[in-house]
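# Descriptive structure summary
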Amino acid sequence: MAATKGLEGIVATQSSISSIIDDQLTYVGYDIDDLAENSSFEEVIYLLWNQKLPNEEELKNFKEDLVSNMEIPNEIIEHLKSYDLSTVHPMAALRTVVSMLGLYDSEADEMNEDANKRKAVRLQAKIPTVVTAFARIRKGQDPVGPKKGLGFAANFLYMLNGKDPEDIEVEAFNKALVLHADHELNASTFTARVCVATLSDIYSGVTAAIGALKGPLHGGANERVMKMLTEIGEVDNAIPHIKERLENKEKIMGMGHRVYKQGDPRAKHLREMSKELTKLTGQSKYYDMSIKIEEFIKEEKGLPANVDFYSASVYHSLGVDHDLFTPIFAVSRISGWLAHILEQYDNNRLIRPRAEYVGPKGQTYQPIEKR
Ligand SMILES: CC(C)(COP(=O)(O)OP(=O)(O)OC[C@H]1O[C@@H](n2cnc3c(N)ncnc32)[C@H](O)[C@@H]1OP(=O)(O)O)[C@@H](O)C(=O)NCCC(=O)NCCS
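We note that the domain assignment places domain 1 (16-215 + 322-346) and domain 2 (221-317) within the protein chain. Relative to domain 2, the C-alpha centre of domain 1 lies at a distance of 26 Å. With both sides pooled, the region where domain 1 packs onto domain 2 buries about 2200 Å², and carbon together with sulfur makes up 62% of that total. Area buried by domain 1 at its contact with domain 2 is led by Asp 23, His 322 and Phe 325, which between them contribute 29% of it. For the pair domain 1 and domain 2, the number of links is one salt bridge. One salt bridge connects Asp 33 with Lys 268, and the closest N-O pair in it is separated by 3.1 Å.

Right, dumping it as structure tokens:
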């Protein structure tokens, strides 16, 4: 048995949720370009969970269902207030709080389909509230609860900033959520599926997925892209800075992809948004240096920009703290995790691969005094 490093190219399951074929991403057969231009994030969640777009009434009910489930238990808010959050990464807080939410859900271990769907709505609805409550509490501000009548994207920005967002901010944020919602069998989604394939509960699956998303080779890349852009500081420094990183054998965050070799179809939308928003906020230099880096890495290494590269300057332009970029990825990707968890339950088999053993063989136990 020979191992395939990183399971590259291994087809591990069948799925009807999203596909990457010829470098194009689709959700349930709808091209991501079409959805990014036309759909709301709520429509996309509904699509991923139900394999069809909602009609008007279904969408209205679904939106209401989400907003009415956004509140989080006061005990959790008090719990967050009891920590010194100045040194806590928001992804660690999110991972912990999502797990805690299971303790407040009387249906947490109820495994029938209806209960799992109800829990999916609760989790999807509460995750923006957790992220924004954390962000405010650590600044000494009181958390702001959801506002009825606002959609999902608008509610996130409202709960984060405590004021109604501008239309252009909502539009940009909605598009970013749509683009990050699902991505076939990426590392965090696979983690979620492995976890629930043991017939563990939804809260465990999502908690495990958050842990996987946190890593810099996955969702953690967008925060590091912004750190790099901030360090670069000025457009003229971009190429020398990147050359130095490459000489030091460092990976350039936001570049390269396991599956896309020509280009990540999500990146062009974020590139456009970055251009527009950085211009609007007088920070075009971040867009300009990103373009230079993208061209240079493409030429030098043949690597395309991925979804994380331009999302960094987009979220920065929206005034979001840099360490909240990955939690925002989670606010969107949880829709895909939940779709995959429901699909896994629906046709479950334990996921249990094998390992190629390369350690020593034939050893015999030695008493401790002889070692
Ligand atoms: C996404 C990623 C993990 C996928 O890579 P992968 O399929 O596992 O490819 P590997 O890490 O094995 O890299 C293959 C080669 O390309 C190089 N490479 C890949 N991504 C690179 C990057 N971002 N910067 C510089 N070199 C890179 C590797 O150094 C390696 O070169 P080598 O063969 O000379 O050692 C990788 O491109 C990466 O680490 N990117 C940066 C992190 C990131 O943006 N993650 C978000 C993904 S959406």
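What follows deals with the sheet that holds strand β2 (residues 24-27). What the three strands build is an open sheet, ordered β1-β2-β3; its pairing is antiparallel. Edge positions in the open sheet fall to β1 (18-21) and β3 (30-31), since each of these has one partner strand only. In terms of strand pairing, β2 meets β3 through two bridges, oriented antiparallel. Paired with Thr 26 across the strands is Asp 31, a residue of β3.

What follows concerns the pattern of salt bridges. With the rule as written, the count across this model stands at 22 salt bridges. Here Lys 147 makes a salt bridge to Asp 164, at a shortest N to O gap of 3.0 Å. Residue Lys 147 is located in the loop between α6 (113-137) and α7 (152-161), and its partner Asp 164 is located in the loop between α7 and α8 (167-180); the two are separated by 17 residues in the primary sequence. Judged by its relative accessible area of 44%, Asp 164 is partly exposed. What you see here is one network of salt bridges that share partners, running through Asp 105, Glu 107, Arg 118 and Arg 122.

Okay, a negative patch on the surface next. A contiguous patch of negative charge on the surface is contributed by Glu 166, Asp 167, Glu 171, Glu 272 and Glu 276. For the negative patch, the secondary structure elements donating two or more residues are α8 and α13 (267-280). One can find Glu 166 in the loop between α7 and α8. A relative accessible area of 54% places Glu 166 in the exposed class.

In this section: the environment of Met 100. Topologically, Met 100 is positioned in helix α5 (residues 90-103). Residue class for Met 100 comes out buried when judged on its relative accessible area of 11%. Residues Met 100 and Glu 75, spaced 25 residues apart in sequence, show a C-alpha to C-alpha distance of 10 Å. If we skip the residues at most four places from it in the chain, Met 100 touches Ile 76 and His 79.

With that out of the way, let us pick up the nonpolar core. Counting residues in hydrophobic clusters, the biggest one holds 108 residues, and the most contacted among them are Tyr 27, Trp 49, Leu 94, Phe 173, Val 206, Ile 293 and Tyr 315. Among the elements that take part in this core, helix α16 (residues 325-346) stands out by supplying twelve residues, more than any other. Of the domains in this structure, domain 1 (16-215 + 322-346) and domain 2 (221-317) are the two that each give at least three residues to this core. With sequence-adjacent residues up to four places away left out, Leu 94 is seen in contact with Ile 127, Val 130, Val 131, Ile 210, Pro 327 and Ala 330.

Attention shifts here to the site of the ligand. Taken together, 16 residues lie near the ligand, and Lys 251, Ile 252, Gly 254, Met 255 and Arg 258 sit nearest. Here a nitrogen atom of the ligand and a backbone polar atom of Leu 217 are 3.1 Å apart. A distance of 2.8 Å separates an oxygen atom of the ligand from a polar atom in the backbone of Gly 254. Protein coverage of the free-state accessible area of the ligand, which is 850 Å², stands at 65%. The cavity where the ligand resides is the largest pocket.

Thresholds, definitions, all that
- Residues numbered from 1 in each chain as written.
- Predicted model: local features only at pLDDT ≥ 70, side-chain atom pairs only at ≥ 80, totals over all residues.
- Heavy atoms only, no water.
- Domains from an automatic or database assignment.
- Buried area = accessible area lost by both parts, 1.4 Å probe.
- Salt bridge = Lys/Arg side-chain N within 4 Å of Asp/Glu carboxyl O.
- Pairing = 2+ DSSP bridges.
- Helix = DSSP H or I, 4+ residues; strand = E, 2+ residues; numbered from the N terminus.
- Buried < 20%, exposed > 50% of the residue type's maximum accessible area, 1.4 Å probe, protein only.
- Patch = residues over 30% accessible without salt bridge, like charges linked within 9 Å, V, L, I, M, F, W, Y side chains within 5 Å.
- Areas by Shrake-Rupley, 256 points an atom, 1.4 Å probe, with all protein chains shown as cover.
- Lys, Arg positive; Asp, Glu negative; His and termini not counted.
- Charge placed at Lys NZ, Arg CZ, Asp CG, Glu CD.
- Contact = heavy atoms within 4.5 Å.
- Core = buried A, V, L, I, M, F, W, Y, C linked by side-chain atoms within 4.5 Å.
- Near = heavy atom within 4 Å.
- Polar contact = N/O pair within 3.5 Å; in protein donor to acceptor, adjacent residues only side chain to side chain.
- 1 Å grid on protein atoms, 1.4 Å probe; cavity = no way out; pocket = protein on both sides within 12 Å on 5 of 7 lines; lining within 4 Å.
- Sits in = over half its atoms within 2 Å of the grid points.

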